[in-house]
Amino acid sequence: MGITTNPIGAEAAALLAAIHAESFPSNQAWDAEAIALMLGLPGHFGLLAQMDEAPAGFALGQAQSMEAEVLTLAVLPEARGKGVGQGLLTALLDTAAGRGAAEVFLEVAEANAPARRLYAKAGAHEVGRRRRYYADGADALVLRIDLT
Ligand SMILES: CC(C)(COP(=O)(O)OP(=O)(O)OC[C@H]1O[C@@H](n2cnc3c(N)ncnc32)[C@H](O)[C@@H]1OP(=O)(O)O)[C@@H](O)C(=O)NCCC(=O)NCCS
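What comes next concerns the included structure.

Under the definition given, this model contains one aromatic pair. Seen in terms of ring centroids, Tyr133 and Tyr134 are 5.0 Å apart; in terms of plane orientation they differ by 85°. Their pairing is edge-to-face. Overall, Tyr133 belongs to the partly exposed group, its relative accessible area being 40%.

Next up, the structure:
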């Protein structure tokens, strides 16, 4: 089973939106237009993970200063638990570090245990909370990963 992670641009927005729709509840899904717009913004980048050459997940990030950000990270349900998420996060952190970022911020739902463990393994720690951040009223935790 081979997992690869490579940069991807706005031309793949429809594919990324399809993965996002399968990975998040429908009221949180990002459409292709929004993803394409995001990938056109300065400092923003996309990463596509493939398992045995089939799309398995993706991440969007931005890194244009000392402070980078994970914008989204999604792995298709059938591809989970095999290291795809970890591969995407590692590639995103490497990209941010390569662009000179010193720290990476992200938001995660308090109840999202798989994501919280993935981020904790990468050294994330809680630095804040955004109350009622998600459409369902759940709080988001703000996490920071130090790159240096
Ligand atoms: C969170 C998500 C990206 C993880 O992707 P994944 O490919 O399954 O993760 P990996 O297989 O690389 O696992 C990496 C680590 O994450 C944690 N993890 C993954 N799935 C987990 C689960 N079901 N329960 C607990 N921890 C889990 C573990 O710490 C795991 O490392 P370990 O196996 O050595 O213990 C995936 O579940 C997903 O897309 N969820 C829906 C979208 C989402 O919540 N995105 C994050 C928004 S902030």
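There is more to say, and it comes next.
Moving on, we get to the site of the ligand. By nearness alone, 21 residues border the ligand, and Gly81, Gly83, Gly85, Asn112 and Lys121 come closest of all. Asn112 is positioned with one of its side-chain polar atoms (N or O) 2.6 Å from an oxygen atom of the ligand. Expressed as a share of its isolated accessible area of 920 Å², the protein-covered part of the ligand is 75%. The site holding the ligand turns out to be the largest pocket. Of all elements in the fold, only β4 (67-75), α3 (84-98), β5 (103-109) and α4 (113-121) reach the threshold of two or more residues within the shell around the ligand. Ranked by residue count, the leading element in the shell around the ligand is α4, at six residues. Its residues assigned to classes, the shell around the ligand shows 10 nonpolar, six polar and five charged.

Moving on, we get to helix α1 (residues 13-23). An α-helix turns once per 3.6 residues; consequently, residues spaced three or four apart project the same way. Inspection of α1 places Ala13, Leu16, Ala17, Ile19, His20 and Ser23 among the buried residues, and these make up the whole buried set. For α1, the angular spread of buried residues about the axis comes to 160°, placing them on one side. Summarising the contacts, the buried residues of α1 are in contact with β1 (3-8), α2 (32-39), β2 (44-51), β3 (54-62) and β4.

We now examine the pattern of salt bridges. Taken as a whole and assessed by the stated rule, the structure comprises six salt bridges. Arg144 is paired through a salt bridge with Glu103; the nearest N and O atoms lie 3.7 Å apart. A residue pair is termed long-range when its members are at least 10 positions apart, and Arg144 in strand β7 (residues 140-146) and Glu103 in strand β5 qualify at 41 residues. Taking relative accessible area as the criterion, Arg144 reaches 23% and is therefore assigned partly exposed. In this structure, the salt-bridge partner of Arg130 is Glu107, at a minimum N-O distance of 2.9 Å. Placement of Arg130 in strand β6 (residues 125-130) and of Glu107 in strand β5 is noted, with a sequence separation of 23 residues between them.

Criteria and cut-off values
Residues numbered from 1 in each chain as written. Predicted model: local features only at pLDDT ≥ 70, side-chain atom pairs only at ≥ 80, totals over all residues. Heavy atoms only, no water. Phe/Tyr/Trp six-rings, centres within 6.5 Å; stacked < 30°, edge-to-face > 60°. Buried < 20%, exposed > 50% of the residue type's maximum accessible area, 1.4 Å probe, protein only. Near = heavy atom within 4 Å. Polar contact = N/O pair within 3.5 Å; in protein donor to acceptor, adjacent residues only side chain to side chain. Areas by Shrake-Rupley, 256 points an atom, 1.4 Å probe, with all protein chains shown as cover. 1 Å grid on protein atoms, 1.4 Å probe; cavity = no way out; pocket = protein on both sides within 12 Å on 5 of 7 lines; lining within 4 Å. Sits in = over half its atoms within 2 Å of the grid points. Helix = DSSP H or I, 4+ residues; strand = E, 2+ residues; numbered from the N terminus. Nonpolar A, V, L, I, M, F, W, Y, C, P; charged D, E, K, R; others polar. Arc of directions from axis to C-beta. Contact = heavy atoms within 4.5 Å. Salt bridge = Lys/Arg side-chain N within 4 Å of Asp/Glu carboxyl O.

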